[in-house]
Amino acid sequence: MAAPRIAILGAGSLGLLFGASLAASGQSVHLLRRPGHRPTEERIRLERGGERRELSLPASGIDSPPPDLSHVILCTKAHDAAPAIRQLAPALPPGAAVLTLQNGLGSQDAVAAALPGHPVSAGCTTEGAWRRDARTVVHAGIGVTRIGPLQGDDVDWCQRLGPAGLGCEPVPDIRRWLVDKLRVNALLNPLTVLHDCRNGGVLEIPGARAALESLGAEADAVLAAAGYRFAEGAAARTAAVARATADNVSSMLQDYRAGRRLELDAITGAILTLGARHGIATPEHQRIYDTLRGLAAVGR
Ligand code: NAD
Ligand code: KPL
């Protein structure tokens, strides 16, 4: 059997972290760039702790992938995930396995729907990565990636990620992990944008703290109606994350400051969609959604 060949589709912060780590462990990695990208070798630098590693990775446009891909890790933002995989799907070899790694909820099912017949897994990661420049990725927070099947065979992704030094845990119910992260992101991320504060700020700014409670109560009601019950409510869970990551600038605030499209539909939008589906009112999440849509490029 041919050696696995792993494509990274969405070679941004997380994609370069996964791609460079896999390549550094000797695995065959290919970066898929935007259509029209000339096939080339890219010098990628991975910074982790005090160490720097230089790697040379083959790259090409998503419209000219290598013919022998066996695995694809999809690391675009949530709103780009299904469009990107639809571009790749016609050229994807039968049986190639896909792991989709977006925050929020909704993109994962859209990706699976675009790939009939392919095994699709979803991951929920607590890794932290950012790019110092287009070719340098900093592994800023060591985390764990929980992975479970969405469609087709349950592919053993940890067999690939583990040797690459990326913490990995197979889980039977990945949706529950995605929902647990969603409720934190839906409370914390928009409030950091509205109050222009680091994660810890939402516990100190009185208006933000009050909003955390009301958003949390709505999220608890929506998620319970959707069949997800957690021992700890969303507000308490989010407060704990905000304390533990007090100095972090949330991903949504980073995107907002950089003028990038926010993952608002995948996060707040997912709570609104579930609320509408289960007949639970979500006026606070709606107000946040409308305010952020007015402020930022959410791309509707
Ligand atoms: P990013 O913006 O740095 O990278 C996304 C990349 O996808 C960009 O390079 C973009 O050009 C590329 N892309 C988009 N559409 C494409 C297409 N059609 N073809 C080829 N490339 C395409 O984003 P990120 O920070 O790496 O985050 C990716 C996902 O992972 C998000 O859902 C995010 O919430 C989640 N996440 C990120 C981190 C992190 O530390 N960065 C941690 C946990 C979860
Ligand atoms: O996942 C995050 C994000 O920024 O998107 C949190 C948990 C809020 C950490 O910053």
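What counts, and at which threshold
Residues numbered from 1 in each chain as written. Chains lettered and ligands numbered in written order. Predicted model: local features only at pLDDT ≥ 70, side-chain atom pairs only at ≥ 80, totals over all residues. Heavy atoms only, no water. Near = heavy atom within 4 Å. Polar contact = N/O pair within 3.5 Å; in protein donor to acceptor, adjacent residues only side chain to side chain. Areas by Shrake-Rupley, 256 points an atom, 1.4 Å probe, with all protein chains shown as cover. Helix = DSSP H or I, 4+ residues; strand = E, 2+ residues; numbered from the N terminus. Nonpolar A, V, L, I, M, F, W, Y, C, P; charged D, E, K, R; others polar. Salt bridge = Lys/Arg side-chain N within 4 Å of Asp/Glu carboxyl O. Buried < 20%, exposed > 50% of the residue type's maximum accessible area, 1.4 Å probe, protein only. Pairing = 2+ DSSP bridges. Axes fitted to C-alpha atoms, helices over the stretch in contact; angles between N-to-C directions. UniProt positions renumbered as here; feature names shortened; annotations may be inferred. Disulfide = S-S within 2.5 Å. Core = buried A, V, L, I, M, F, W, Y, C linked by side-chain atoms within 4.5 Å. Contact = heavy atoms within 4.5 Å. Patch = residues over 30% accessible without salt bridge, like charges linked within 9 Å, V, L, I, M, F, W, Y side chains within 5 Å.

### Details of the site of ligand 1
For step 1, the next point in the chain: Residues in close proximity to ligand 1 total 27 residues, the closest being Leu14, Gln87, Ala129, Arg131 and Glu263.
For step 2, the next point in the chain: At a separation of 2.8 Å, an oxygen atom of ligand 1 approaches a polar backbone atom of alanine 129.
For step 3, the next point in the chain: In the environment of ligand 1, an oxygen atom lies 2.7 Å from a nitrogen or oxygen atom belonging to the side chain of glutamate 263.
For step 4, the next point in the chain: Here ligand 1, which alone exposes 830 Å², has 85% of that area covered by the protein.
For step 5, the next point in the chain: Mapped by element, the contributors of at least two residues to the shell around ligand 1 are α1 (13-24), β2 (28-33), α2 (78-88) and β8 (128-133).
For step 6, the next point in the chain: Ranked by residue count, the leading element in the shell around ligand 1 is α2, at four residues.
For step 7, the next point in the chain: For the shell around ligand 1, the class distribution of residues is 10 nonpolar, nine polar and eight charged.

### Brief notes about the pattern of salt bridges
For step 1, the next point in the chain: Going through the model one piece at a time under the given rule, you end up with 17 salt bridges.
For step 2, the next point in the chain: Close ionic contact of aspartate 180 with arginine 237 constitutes a salt bridge, the shortest N to O distance being 3.1 Å. Residue aspartate 180 is found in helix α5 (residues 174-194), and its partner arginine 237 is found in helix α8 (residues 234-244); the two are separated by 57 residues along the sequence.
For step 3, the next point in the chain: Residue aspartate 180 is classed as buried on the basis of its relative accessible area of 12%.
For step 4, the next point in the chain: Taking relative accessible area as the criterion, arginine 237 reaches 26% and is therefore assigned partly exposed.
For step 5, the next point in the chain: Between glutamate 213 and arginine 209 there is a salt bridge, with the nearest N and O atoms lying 3.4 Å from each other. Here arginine 209 and glutamate 213 lie together in helix α7 (residues 206-225), a separation of four residues that amounts to about one turn.
For step 6, the next point in the chain: Judged by relative accessible area, glutamate 213 falls into the partly exposed class, the value being 41%.
For step 7, the next point in the chain: It is possible to trace a salt-bridge network through shared partners that takes in Arg33, Glu42 and Arg135.

### Concerning the sheet that holds strand β4 (residues 51-61)
For step 1, the next point in the chain: Taken in spatial order, the 11 strands make up an open sheet running β8-β9-β3-β4-β2-β1-β5-β6-β7-β10-β11, and their pairing is mixed. Only two strands of the sheet have a single neighbouring strand rather than two, namely β8 and β11 (167-170). Sheet twist, expressed as the average angle between the axes of neighbouring strands with direction ignored, equals 30°.
For step 2, the next point in the chain: As judged from the three bridges shared by strand β6 (residues 97-100) and strand β7 (residues 120-125), these two strands associate in the parallel manner. By the bridge assignment for β7, valine 98 is matched with valine 120.

### Examining the UniProt feature "domain: Ketopantoate reductase C-terminal" (unreviewed entry) in the chain
For step 1, the next point in the chain: Residues annotated by UniProt as "domain: Ketopantoate reductase C-terminal" (unreviewed entry) correspond here to residues 173-295.
For step 2, the next point in the chain: For residues 173-295, the end-to-end C-alpha separation is 35 Å, with 71% helix and 0% strand making up the annotated structure.

### Thoughts on the state of the cysteines
For step 1, the next point in the chain: A complete count under the given rule lists one disulfide for this structure.
For step 2, the next point in the chain: Unpaired in terms of disulfides, cysteine 124 finds its nearest cysteine sulfur in cysteine 168, a separation of 12 Å.

### Some remarks on the nonpolar core
For step 1, the next point in the chain: Of all hydrophobic cores here, the largest spans 36 residues; its most connected members are Leu187, Leu191, Val202 and Met252.
For step 2, the next point in the chain: Secondary-structure elements contributing two or more residues to this core are α5, α6 (201-204), α7, α8, α9 (251-257), α10 (268-278) and α11 (283-295).
For step 3, the next point in the chain: Per element, the largest residue contribution to this core is eight residues, and it comes from α5.
For step 4, the next point in the chain: The contact partners of leucine 187, leaving out residues within four places of it in the chain, are Leu212, Leu215, Gly216, Ala219, Ala234, Ala235, Thr238 and His285.
For step 5, the next point in the chain: Within the second largest apolar cluster, 29 residues are counted, among which are Ala20, Leu22, Leu31 and Leu101.

### Some remarks on a nonpolar patch on the surface
For step 1, the next point in the chain: On the surface, Leu194, Tyr256 and Leu295 cluster together into a nonpolar patch covering about 240 Å² of accessible area.
For step 2, the next point in the chain: Within the secondary structure, leucine 295 is located in helix α11.
For step 3, the next point in the chain: For leucine 295, a relative accessible area of 46% gives the class partly exposed.

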